[in-house]
There are 2 protein chains.
Amino acid sequence: MKFSQFGLKFTQDAGILSLMEDLGHALTVNQNMMMLGGGNPGKVPGVVRILQKRLADIAKDPESVYRLLGIYDPPQGNVKLIRALVKLFNDLYEWPIQEENVCLTNGSQSAFFMLFNLMAGQYPDESFKKIQFPLTPEYIGYADEGITPHIFTASKPRIEMQNPPFFKYHVDFDRLSIDDRVAAICVSRPTNPTGNMLTDDEINKLDRIARENQIPLIIDNAYGVPFPQIVYQKATPFWNDNTILCMSLSKLGLPSVRTGIVIGPAEITQALAKMNAILTLSPVGVGSQLVLDLVESGDICRISREVIQPFYRTKMQQTVQWIQDAFSGLDYAIHQPEGAMFLWLWFPNLPVSSLELYERLKQKGVLVVSGHYFFPGLSEDWDHTAQCIRMTYSQENTMVKRGIEIMAETLREL
Amino acid sequence: MKFSQFGLKFTQDAGILSLMEDLGHALTVNQNMMMLGGGNPGKVPGVVRILQKRLADIAKDPESVYRLLGIYDPPQGNVKLIRALVKLFNDLYEWPIQEENVCLTNGSQSAFFMLFNLMAGQYPDESFKKIQFPLTPEYIGYADEGITPHIFTASKPRIEMQNPPFFKYHVDFDRLSIDDRVAAICVSRPTNPTGNMLTDDEINKLDRIARENQIPLIIDNAYGVPFPQIVYQKATPFWNDNTILCMSLSKLGLPSVRTGIVIGPAEITQALAKMNAILTLSPVGVGSQLVLDLVESGDICRISREVIQPFYRTKMQQTVQWIQDAFSGLDYAIHQPEGAMFLWLWFPNLPVSSLELYERLKQKGVLVVSGHYFFPGLSEDWDHTAQCIRMTYSQENTMVKRGIEIMAETLREL
């Protein structure tokens, strides 16, 4: 059977496909795999308890069950949740957002598919525009989302070596050139895969550049403040009328409900609502109903700060320690873990590619993600792109520790 | 802000957008509207009770709560549900499907977006292929799903006048011409909007034509057998290795979980799994977990037959009677209601367009859907397309009855 251009583009072997297949099968089929790969959130007991209570409450009343499952939300998403989010953000940060500035989607990935293709690609006047990633490495999931090829462009970062084994990427503003072929600037903050928090200064500069060029700044806030708040240092939330801020319920512990939240200029969010109708009728409603009271009460922020953040911070600290113990004598560096649920490991003298390292580890039952997938849009050759891996520390401690030991053995064999 | 070609295409005012906005707002915001518009399933008490029990059971056990909400499924969908569906269909119908023949999606609408664009549109060799609808009227939701314009082609039906007030559309095989510009044949069965059941003879002929032309036959089975089985006459289920059968959990009473099921050649379903990964990471998992035991036990078919089908059949019969009472003396016809949850009303001498009738009814608090949206791909002029409306009888009886009375008044004024 033959496929269209679109079909061929979207059925190529993509990094995100390999990652999600590994993840799904490790979590549901072969539970012996050490899942240090995809970004499944951890099993946070305090969060599970809250969801359990919420489900039990809903299950008491047929009318609540019907509201949870039996109704299509409008294409913009659940009206009550949107109203509660507007109030939450305006109360917390004194933002001026209104209901028209918010659109819900079937998860962040769908939001980015719509956003990128709404703004980048072929224009009716024959021009072609791209999304600019000012800092790579950047999220693997973006890489294949264009309905046409080559809709991304990216710059190499500046690398700051810190106290060993740590390093940190910074936006290299000298390399960043924006012209009228750029449709938007996009960053994830905390960055997936590195856990990097762009500094306030970097964000302010990017905002200024975006405004000067009359293009929006997209901030992927899937791990950020105020929820799920998997951030280990001070993070000033950022939004203004030129910002498209993308959030998600996944990392709160609800990946299965596929609920993304976009806060942006009304022109953008209303375009997303229209696309929701055509692409999917209506976004998933279950997630909205499940978290509605948490958003209305503001508890979603408290739980994030008091339950979710400490859970991941402890795991992060333990994992760094296990790596330092197991990797002693090896040539490696760790990106300063400032947020998200990943460590980004750099092996400057790796004798094989990161993809080959991934394959060897997979054979030994350890899933990680090869770093080479995390440079979407970067056209320069750069050895660094084949010297890194992303590992998550969100899963069971014993599994993470054993995985690190096997990784150390494998690196020593090399 | 300027949008790309793709952006402009998907932010046009689409029929499905108008429908879903009306529906969502009527069900969640302005509950005084008489919602005879979009296809929200009804509140079936027996189904709500089953879902309520299932939620209560899950809520008893933190591990079950985590499995329901906390895990990304693989891109192909929940492995256990796929396994159970394969067994269900093979046991029921002696089909030869395997797990690789099944892919879950974020609802049927997403499945059709992927399927249509996978097969139709621009090909690398510069050819351009289309989806053929052999019978119009056909589903409104298809109309805007192409990433390029003009990916649909359609034929006028043959109209059989039955005992008044009934009529029925048939595929006009004399008008149906397939050549190498057609990528697939697609029908909904029962048909949305008309409630028409294509006869076994029609399906067999379409299957033969598809095979002769080496293109697949897509059957949209959202309302069909074995679930939700909203079918009021004998319906022989149809699948072979050239069929792409699309199903959904929505009309069972779960529209909010956005879960579609595609059963087709592995080449197609595996392509959909890859597209799922890129477009949305992983399909919604909640719906799969909620219905897993119903599919494993086969109860999903029993509930459909014993609870869901009688609920809609009774409503349909009542609604037809109310129309016959209220419309007495008016010039109208009803498509023979053989399934789904709609009546398709034809007003051969309507002095205004169906869109104008929709507007007038909306002003009086009655939502219906203008029939002109239901002829995607039909290029011939045909007065009939502006003479029909679709109304659903899935909602509260008093609302449906009052809506019909207001419709009768409005038609008399005209």
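For clarity, every value in this text was computed on a predicted model and none was experimentally measured. (Residues numbered from 1 in each chain as written. Chains lettered and ligands numbered in written order. Predicted model: local features only at pLDDT ≥ 70, side-chain atom pairs only at ≥ 80, totals over all residues.)

## Quick look at the relation of the copies chain A and chain B
Each copy of the chain is related to the other by a rotation around an axis and a translation along that axis. Keep this limit in mind: Only residues with pLDDT of at least 70 in both copies count here: their C-alpha atoms drive the least-squares fit that superposes the copies. The contact rule is simple: place each C-beta atom from the backbone, and if two of them lie within 7 Å, those residues are in contact.
For the pair chain A and chain B, the superposition axis carries a translation of 0.0 Å, the fit reaches an RMSD of 0.0 Å, and the rotation angle comes to 180 degrees. Here the copies are linked by what is in effect a two-fold axis. No C-alpha of chain A lies nearer the rotation axis than that of Ala56 of chain A, which sits 2.9 Å from it. Interface overlap between copies: 100% of the residues of chain A at the interface are likewise at the interface in chain B, consistent with a symmetric, same-surface contact.

## Focus on the domain arrangement of chain A
It is common to give the size of an interface as the accessible area lost on bringing the parts into contact. Residues and elements named next belong to chain A. The following threshold applies: As annotated, the domain borders come from an automatic or database domain assignment. Secondary structure elements are taken from DSSP: a helix is a run of H or I of four residues or more, a strand is a run of E of two residues or more, and numbering for both begins at the N terminus. Each residue gets one label: Ala, Val, Leu, Ile, Met, Phe, Trp, Tyr, Cys and Pro are nonpolar, Asp, Glu, Lys and Arg are charged, and the others, such as Gly, are polar.
Each domain of chain A was delimited in the assignment, giving domain 1 (5-47 + 303-413) and domain 2 (73-301). For domain 1 and domain 2, the distance between their C-alpha centres works out to 23 Å. Counting from both sides, the interface comprises 45 residues of domain 1 and, opposite them, 46 residues of domain 2. In terms of residue count, the dominant contributor to the side of domain 1 that touches domain 2 is helix α11 (residues 299-326) (nine residues). Of the residues that constitute the side of domain 1 that touches domain 2, the class distribution is 28 nonpolar, eleven polar and six charged.

## Concerning the interface of chain A and chain B
Taken residue by residue, the interface counts 82 residues in chain A and 82 residues in chain B. If you list the elements that add at least two residues to the side of chain A that touches chain B, you get α1 (5-10), α2 (15-28), α3 (45-59), α4 (62-69), α6 (107-119), β3 (121-122) and α9 (266-280) of chain A. A total of nine residues in the side of chain A that touches chain B trace back to one element, the largest contributor, which is α2 of chain A. Here the side of chain A that touches chain B is composed, by residue class, of 47 nonpolar, 24 polar and eleven charged.

## Let's talk about the environment of Leu17 of chain A
Looking at where Leu17 of chain A falls in the secondary structure, it is placed in helix α2. C-alpha separation for the pair Leu17 of chain A and Ile140 of chain A, spaced 123 residues apart in sequence, amounts to 9.9 Å. If we skip the residues at most four places from it in the chain, Leu17 of chain A touches Pro75, Lys274, Ala277 and Ile278 of chain B.

## Points about the environment of Leu281 of chain B
Condition: For the exposure call, what matters is how many other C-beta atoms sit within 10 Å of a residue's own: 20 or more marks it buried, 12 or fewer exposed, and in between partly exposed, using C-beta atoms placed from the backbone.
Topologically, Leu281 of chain B is positioned in the loop between α9 (266-280) and α10 (286-297). Judged by C-beta crowding, with 27 C-beta atoms within 10 Å, Leu281 of chain B ranks as buried. In sequence terms Leu281 of chain B and Gln233 of chain B are 48 residues apart; their C-alpha atoms lie 39 Å from each other. Residues in contact with Leu281 of chain B, not counting those within four places in the same chain, are Ile16, Met20, Gly107, Gln109 and Gly141 of chain A together with Tyr72 of chain B.

## Focus: the pairing of strand β7 (residues 166-170) of chain B
Residue and element names in this part refer to chain B. Rules: One bridge is not enough; two strands pair if DSSP finds at least two bridges between them.
As paired elements, strand β6 (residues 158-161) and β7 share four bridges and run antiparallel to each other. In the sheet register, Met161 faces β7, and the bridge partner there is Phe167. Two successive antiparallel strands, β6 and β7, enclose a turn made up of four residues.

## Thoughts on helix α4 (residues 62-69) of chain B
Here is the rule we go by: The directions from the helix axis to the C-beta atoms are what the arc is built from.
Burial in α4 of chain B covers these residues: Val65, Leu68 and Leu69 of chain B. Projected down its long axis, α4 of chain B carries its buried residues within an arc of 75 degrees, all on one side. At its buried positions, α4 of chain B is contacted by α3 and α8 (250-253) of chain A together with α3 (45-59) and α10 of chain B.

## Observations regarding the sheet that holds strand β16 (residues 388-392) of chain A
Residue and element names in this part refer to chain A. The six strands lie next to each other as β6-β7-β12-β13-β16-β15, forming an open sheet whose pairing is mixed. The sheet is open, and its two edges are formed by β6 (158-161) and β15 (369-370), each paired on a single side. Examined bridge by bridge, strand β13 (residues 342-346) and β16 share five bridges and lie antiparallel to one another. Looking at β16, one finds that Trp344 is bridged to Arg390.

## A few points about the confidence of the model for chain A
How we decide: Each residue carries a pLDDT score, the predictor's own confidence in it, on a scale running from 0 to 100.
Of all residues in chain A, 100% have pLDDT values of 70 or greater, and the mean over the chain is 96. Here the prediction assigns the complex a pTM of 0.97, and the interface score ipTM is 0.96.

## Description of the pairing of strand β8 (residues 182-188) of chain B
All names here are of chain B. Applied cut-off: Seen with its strands pointing away from the viewer, a crossover is right-handed when the path leading from the first strand over the helix to the second is clockwise.
β8 sits mainly inside the fold: six of its seven residues count as buried. Across three bridges, the pairing between strand β4 (residues 128-133) and β8 is parallel. In the sheet register, Lys130 faces β8, and the bridge partner there is Val182. Looking at chain direction, β8 and strand β9 (residues 217-220) are connected through four bridges and run parallel. Residue Ile185 lies in a different strand from β9, and its bridge partner there is Leu217. Traced from β8 through helix α7 (residues 200-212) to β9, the parallel crossover comes out right-handed.

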